[in-house]
Amino acid sequence: MTMTTELSTTYSPKESESKWYKIWEKGNYFKPKKGKANKPFCIIVPPPNVTGKLHAGHALDVTTQDALIRFKRMKGYETLFLPGLDHAGISTQSVVEKMVWEQEKKTRRDFTREEFLKKIWAWKEEYGNTILDQQKAMGASCDWDYLTFTLDPIPNQAVKKFFVDMYNEKLIYQSDYIVNWDPALQSAVSDAEVEHIEVQGAFYHIKYQIKGSSEHLEVATTRPETLFGDTAVAVNPNDERYKHLIGKIAVIPLCNREVPIIGDEHVDLEKGTGCLKVTPGHDFNDFEIGKRHKLPIINILNLDGTLNNCTMEFSGLSCKEARKKIAKKCDEIGILIDTKNHVHPVGHGERSGVIIEPMISKQWFVNVKEMSRVAVEAVEKGDTTFYPKEWENTYFSWLRDPKDWCVSRQLWWGHQIPVFYCKECLHQWASEQNETECSKCKSENIYQDPDVLDTWFSSGLWPMSTLGWPNEAAMKEKKFDTFFPNSVLITGFDIIFFWVARMMMMSLKTQQQVPFKDVYIHAIVRDKLGRKMSKSLGNGIDPFDMIEQYGTDAFRFSLASGAGYNRGINLDPERIGGFRNFINKVWNAYRFIQPHLNSGQATLNNLAELDHHERWILAELNTTAKAMNEALEIYRYDEASSAVYSFVYDKYCSWFIELSKNILNGDDSKTKAKRVSVLKFVFRKMLALLHPITPFITEELWSHLKEQNEDLLITQDYPEYESQFVFKDDQDKMNKFIEVITSIRNLRASVNIKPKDEVNVELFSDNHELIQYYRANLINFKELARVRELKAGSKELNRPNKSIVNITTHTEIFVPLEGVIDLKDQIARLEKELSKTEIDYKKYEAKMNNANFMKNAPENVRAEVVQSEKELKEKIKSLKENIAQFKE
RNA sequence: GGGCGUUUAGCUCAGCUGGGAGAGCGCUACCCUUACAAGGUAGAUGUCGGGGGUUCGAUCCCCUCAACGCCCACCA
């Protein structure tokens, strides 16, 4: 008895999505298991910020990573997809500070450190997991038992170990150095966290008097307010204009401090006036000049960026206000010579958005010189490969010119720096333990460095710490040796410096090997007009809306179809709608075969029994499997998607299902059973091919198609290329069949024959094999082009009189008509075809007549040209003969 | 200032080591045909940014110009 369930004509994603995710997760399907490939495969999720909400970029992360994980899992790899969360020091602390201010009108300084950290932890517990739920909604097949937070004990242990080892090697050092100071955060930040933005400013030309002389220097500066910090004036030693002044004394306006005039090559003769005020405390270049000339350093700023008490009546003002007032005052006393508009780049805090002030401050630095050299070498040697390869340049450009990494942050939320100070003997030491007494004098009067480490310090150790390093028991439990190095890192290009480079350095330093074999840099998701998604533009696409509207599978397919070696994906919700339709197509293909399922088998026992169309669809399936395997191996999700899309739509649905209808509706039960088996066999393979990209609908349909003893689709074998399914001749013939059918349909449409009305068709060919083939396919012409009677014969035969005609290579298609035929129309159509064909033909003819081509072109190209030339010639002959006939 | 990238059908983009240009969406016409109107059938559209070169042959390689975008860079 055939059991049929009523199925809706449209697929509704919601139910199957939540259903299958739970079944997979509860059934431990996401856990690493040894499979037939007997190799590990591990991807670690770039940990999203706990402040975060899933955005389109994360959705792309999940899609590309999960598709690969599912693909490899099906291929029998021991797969681990490792999830995590990042404490994101600055962002998270800021969010909580803002919240506390709104709720209690208090700043963090109104609390003790412990009290405030408690608030952040509470916040993290409450909101931190939403993004994980969203990843689950995207279908991420992570082993959630591996979930790691960057502040968990093991990452903390990793951070301490790395820091202490580096400290003891003197590769981490403390120094009074000029750093990027973020006045809003009141913390140092690293170079990578500074964004240079072009702003409209001005060059102020100010007169600096020379002591004991009537001469003066004209200094050009964009920052007159820093003149209180000037400790020299510099000119280029080769500058004829000023050379004679070197060694003399200049007097700083307003404060009348006397400073030397020095010569330094750094000064550009062309820029400004060629005369530079040197402020070593607040400018990176000046700091270097100061070092070279042993100049004193004067700090003129408070930690919040306002001017301090070295600045006379200007103290307490912001730089911006002070600049205005100082310029005004200089003007009043007649030393402001000129003000010129000037557009120049100014560093802004990546997180805070405020202007970064270069300031001298005692901070911790990592000496990255050697580590970056090793990291560059590893990629040059190919230990790690970037896809697409061009991104290696970006990676190199950062690491080949390394600056020491400022890692201390004056924040509370993060890994506290494991350095201790003794108040008694002033001893300083680093330790992985929570120290209670001085390691030297045993005094208990000690304290730990209050600062925390840059968030990227713990992120850099992520591939190791998530797998248990440096805790040996944890490493064993988490199978460090199996999953490290990871197989591939998938992320966006915006964090190549921040993250990829640091992981490379820190892994090579601690493990003497690279952290991952491949790095796939995916595109940045933009809106449909190619603009960055941003709150201010309001053009953000919320993944949850997309899932709600179109279903996760459709959303994943859209992202996959846009993910190749490109830099941007312009995501248009309408496109997702298109893929939703595709998903629905799969659903309906299932609805078509569903009533017949019981009469067929899931396996094909005897390939020799298969008919032409069955061999054809298997060959097409095989081609698709090959293309998908190859594409996914090299992160060409776009190619994989388009291959499977075209197979499902253009091969299976448009032709194979159509060609199966007469068999399924017929009486020949043996033929029918065979056809159902093939439909089922191919459908099952098709689901497997699709599964990595669209896991939910495929698992849903698999549950209807699987045998009782079979497990879920997520564990089934991924279809591979198989030589037994190569049927080249059937593919060629089928292409011919499709061409002729299309041609008949075209003729019907050209004279408005109703879809229901039948026509007679006569085919004339110069190819005997084709004639036989057409004759054998009578029933299919009937089905697909509403043909009543089909004659196929040699071109030697007479053509029917009143007909409409199309000409293809090797075949003339005649549809005899009863009524009046518009000869003009007919001739026009054929002549259009003729001229097109002739243009084509001439190209080939020219080649054949080109001795150089015949001499130089490779054999296969030549053969192709010869073949095409022959076929086009034949077609032209047909066209001409028929046109002549109609003109008579 | 340095570097990278992009420019192909109305829109978004493929086009692998050079052999004669493709997809999706959109558009037009006709169809509710017994899997699917979230559908079917047929159809239109390209000086492959401009110019030059290499080659038997260039969307693809080289040079050059142009437009757009991104990244890096010490605020004279």
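The structure under discussion appears in the preceding block.
Residues numbered from 1 in each chain as written. Chains lettered and ligands numbered in written order. Predicted model: local features only at pLDDT ≥ 70, side-chain atom pairs only at ≥ 80, totals over all residues. Heavy atoms only, no water.

K.L.:
How should I be thinking about the sheet that holds strand β15 (residues 385–387) in this particular structure?
P.N.:
Within a sheet, neighbouring strands are paired by backbone hydrogen bonds and run either parallel or antiparallel to one another. Taken together, three strands build an open sheet; the order of strands is β15-β23-β22 and the sheet is parallel. Only two strands of the sheet have a single neighbouring strand rather than two, namely β15 and β22 (486–492). Taken pair by pair, the neighbouring strands of this sheet meet at an average axis angle of 20 degrees, ignoring direction. Inspection of the sheet shows β15 paired to strand β23 (residues 516–522) by three bridges, in the parallel sense. Its bridge partner lying in β23, Thr385 is registered against Asp518. On the sheet, helix α15 (residues 496–511) packs against β15, β22 and β23 and is oriented at approximately 165 degrees with respect to β22. (Pairing = 2+ DSSP bridges. Helix = DSSP H or I, 4+ residues; strand = E, 2+ residues; numbered from the N terminus. Axes fitted to C-alpha atoms, helices over the stretch in contact; angles between N-to-C directions. Contact = heavy atoms within 4.5 Å.)

K.L.:
I keep staring at the nonpolar core and nothing clicks. Help me out?
P.N.:
Considering soluble globular proteins, one finds that nonpolar side chains tend to be buried as a cluster. In terms of nonpolar packing, the biggest core is built from 140 residues, with Leu618, Tyr637, Tyr652, Phe683 and Phe781 touching the most fellow members. Here this core gets 13 residues from one element, more than from any other, and that element is helix α20 (residues 637–664). Residues in contact with Tyr637, not counting those within four places in the same chain, are Thr64, Ala67, Leu68, Ile490, Tyr520, Ala560, Ala563 and Leu632. Among the nonpolar cores identified, the runner-up in size contains 62 residues, and Val159, Val379, Leu489 and Ala501 belong to it. (Core = buried A, V, L, I, M, F, W, Y, C linked by side-chain atoms within 4.5 Å. Buried < 20%, exposed > 50% of the residue type's maximum accessible area, 1.4 Å probe, protein only.)

K.L.:
Please clarify how the sheet that holds strand β27 (residues 787–794) should be interpreted in this entry.
P.N.:
Reading across from one edge, β27-β26-β29-β28 is the order of the four strands in this open sheet, with mixed pairing throughout. With partners counted over all chains shown, the strands left at the sheet margins are β27 and β28 (803–808), one partner each. Each neighbouring strand pair of the sheet contributes to a mean axis angle of 20 degrees, computed without reference to strand direction. Of the pairings in the sheet, the one linking β28 to strand β29 (residues 811–816) comprises six bridges and is antiparallel in character. Residue pairing for β29: Asn806 is matched across the bridge by Ile813. Where helix α28 (residues 859–887) meets the sheet, it contacts β28 and β29, and its direction lies at approximately 160 degrees from that of β28.

K.L.:
What is the right way to read the protein's contact with RNA strand B from this model?
P.N.:
Around RNA strand B, the structure places 61 residues, and the nearest of them are Phe203, Ala220, Asn285, Arg580 and Lys847. One of the side-chain N or O atoms of Arg580 is found 2.9 Å from a base nitrogen in RNA strand B. In this structure, Cys653 approaches RNA strand B through a main-chain N or O atom, which is 3.2 Å from a base nitrogen. The biggest single contributor to the surface near RNA strand B is helix α18 (residues 573–593), with ten residues. Each residue belonging to the surface near RNA strand B can be placed in one class, and the counts come to 22 nonpolar, 19 polar and 20 charged. (Near = heavy atom within 4 Å. Polar contact = N/O pair within 3.5 Å; in protein donor to acceptor, adjacent residues only side chain to side chain. Nonpolar A, V, L, I, M, F, W, Y, C, P; charged D, E, K, R; others polar.)

K.L.:
So what exactly am I meant to see when it comes to the layout of surface pockets here?
P.N.:
Space left empty within the atom packing is revealed by a probe, the size of a water molecule, rolled over the atoms. There is about 410 Å³ of room inside the second largest pocket. Looking at the second largest pocket, it is lined by 15 residues, and the ones nearest its centre are Leu117, Asn156, Gly414, His415 and Gln416. Of all the secondary structure elements, the ones that give two or more residues to the lining of the second largest pocket are α4 (113–127) and α6 (153–168). In terms of residues, the lining of the second largest pocket owes the most to one element, α4, which gives four residues. (1 Å grid on protein atoms, 1.4 Å probe; cavity = no way out; pocket = protein on both sides within 12 Å on 5 of 7 lines; lining within 4 Å. Points joined across faces, edges and corners; volume = space filled by probe spheres on them.)

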